[in-house]
Amino acid sequence: MGHSPGGAPLVFDGHNDTVLSLERTGRSFFERSDEGHIDLPRARAGGLGGGFFAVYLRDPVVVERMREGGPAADLGLQIYADERTWPEPMSLEYAQSQTLETLGRLLRVAEASDGEVHVVRTAAELQHDLDRGTFAMLLHFEGAEPLDPDGHALDVFYAAGVRSVGLTHSRRNRYCQGVPFKFPSSPDLGPGLNDAGKALVRQLNARRVMIDLSHLNERGFWDVAKLSDAPLVATHSNAHALCPHPRNLTDRQLDAIRDSRGVAGLNFHVGFLRADGAHDEQTPIATMVDHVEYMVRRMGIDHVALGSDFDGATMPAALGDAAGLPALVAALEARGYHGEDLRKLAHGNWVRVLRETWGA
Ligand code: ZN
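Keep in mind it's a predicted model, so treat the numbers as computed, not measured.

Novice: Any chance you could explain the overall build of the chain here in plain terms?
Specialist: Within the chain, the secondary structure is distributed over 14 helices and nine strands. Computed over C-alpha atoms, the radius of gyration of the chain comes to 18 Å, within 12% of the 21 Å expected from 2.2 N^0.38 for 360 residues, which places it in the range of a compact globule. The principal-axis extent of the C-alpha atoms belonging to the chain is close to 50 × 45 × 45 Å. By the burial criterion, 59% of the 360 residues in the chain qualify as buried. In the chain, once contacts between residues fewer than 6 apart in sequence are set aside, the share between residues at least 24 apart is 73%. Of the side-chain charges in the chain, 36 are positive and 49 negative, and the distance between the mean point of each set is 4 Å.

Here it is, written out as structure tokens:
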């Protein structure tokens, strides 16, 4: 149970931008494509049992330039590489209207799946889906822009199934700010959470919604560490000691995640893996395993998981897409992860930390 066709434990993944890819390319989640990284046939082929599906909001200026025919990814990298060129924080009204559209797209994928895709609301449901091989979709916000300080929107989005909220992307919003895509750099860039951001943490704790720390700057991270009563989680971030990108976690941050019984998910993006930060697809899978090994040595086997960034980043060519996950699993086995340890890395640690965070 909970195994891929090849017998390895199913992978539950901490981050994808698949809904953006579906929208941009017009491809179907139910048909095998050469574009992007995840669809149901490739998930089945690779032993991907589900994951966090991010609702990421494009800034209006990016939407405008894409309409003019600009490439979304390159434009994003330019704007978000330097806090001086960040767009102004988006309005609550814009963020909510975009979120309704994107969330609607995700819910329709589940609805159109004839029971093959299920939106998970509890850790028991997640475990059940993995046991039965039902594809588990966890609804996640990559940025708190659609949430109002009074918590009304959170009530509604919670009822719609949202169970995880990243406080920000690599930009500024009305609660906090993220790290720019600047390399190399410490993640200690800019101020921490403001009062509204601190109130938001309490709101998310009270609702027992998971708080995701990936993209948040270091002062914001420590503010959450001080305030939150939940395990600290970074869904898609690597070890800063091996790749000094501000999106990655310093040793002190890894220690705090371990001490809180939290989890860090391995990001497969080549620029967050490589010591030189280069966007080189010829990055070996061994480099991914190096980060897993480093984080396991630092935090222990119970605190490391996978957070691919499929459909939102540049994958090592040797992995390719979701259908290539068996190559990563094989590389983990070759490095000595078997049985229960491999199950924890593949999905067990996500189920455990979600159960402790959500309470069911
Ligand atoms: Zn991200």
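Novice: Got a minute to help me understand the nonpolar core in this structure?
Specialist: Within soluble globular proteins, side chains that are nonpolar generally end up buried alongside one another. Grouped together as the largest cluster of nonpolar side chains are 79 residues, with contacts concentrated most on Phe 29, Leu 147, Leu 167, Leu 204, Val 224, Phe 268 and Leu 328. With seven residues, helix H12 (residues 285-299) is the largest single contributor of residues to this core. In this view, Leu 147 contacts Leu 92, Phe 141, Ala 153, Leu 154, Phe 157, Val 165, Arg 174, Tyr 175, Leu 200 and Leu 204; residues no more than four positions away in its chain are not counted. Listed in part, the 17 residues of the second largest apolar core include Phe 52, Val 120, Ala 136 and Ala 305.

Novice: Is there a simple way to think about the coordination of the zinc ion in this case?
Specialist: Six octahedral donors around a metal ideally sit at 90 or 180 degrees from one another, while four tetrahedral donors ideally sit at 109.5 degrees. Within the protein, the atoms that donate to the zinc ion are Glu 142 (OE), His 215 (NE2) and His 236 (NE2), at distances of 2.1 to 2.2 Å. Expressed as a motif, the donor residue spacing for the zinc ion is E-x72-H-x20-H. You can see Glu 142 sitting in strand S4 (residues 135-142) and its partner His 236 sitting in the loop between strand S7 (233-234) and helix H10 (251-259), a full 94 residues away along the chain. With a relative accessible area of 0%, His 236 lands in the buried category.

Novice: Mind showing me how you'd approach the pattern of salt bridges here?
Specialist: Oppositely charged side chains can form a pair if their charged atoms are brought close together. In the structure shown here, the tally under the stated rule is 27 salt bridges. Notably, a salt bridge pairs Asp 129 with Arg 132, separated by 3.5 Å at the nearest N-O pair. Taken together, the residues Asp 129 and Arg 132, both in helix H6 (residues 123-132) and three residues apart, mark about one turn of the helix. A relative accessible area of 1% places Asp 129 in the buried class. A salt bridge links Asp 255 to Arg 258; its shortest N-O distance comes to 3.4 Å. Linking Asp 255 with Arg 258, this pair stays in helix H10, spanning three residues, or about one helical turn. For Asp 255, a relative accessible area of 16% corresponds to the buried category.

Calculation notes
Residues numbered from 1 in each chain as written. Predicted model: local features only at pLDDT ≥ 70, side-chain atom pairs only at ≥ 80, totals over all residues. Heavy atoms only, no water. Helix = DSSP H or I, 4+ residues; strand = E, 2+ residues; numbered from the N terminus. Rg over C-alpha atoms; globule rule 2.2 N^0.38 Å. Buried < 20%, exposed > 50% of the residue type's maximum accessible area, 1.4 Å probe, protein only. Contact = heavy atoms within 4.5 Å. Lys, Arg positive; Asp, Glu negative; His and termini not counted. Charge placed at Lys NZ, Arg CZ, Asp CG, Glu CD. Core = buried A, V, L, I, M, F, W, Y, C linked by side-chain atoms within 4.5 Å. Donors = N, O, S within 2.8 Å, 3.2 Å for Na, K, Ca; no water. Salt bridge = Lys/Arg side-chain N within 4 Å of Asp/Glu carboxyl O.

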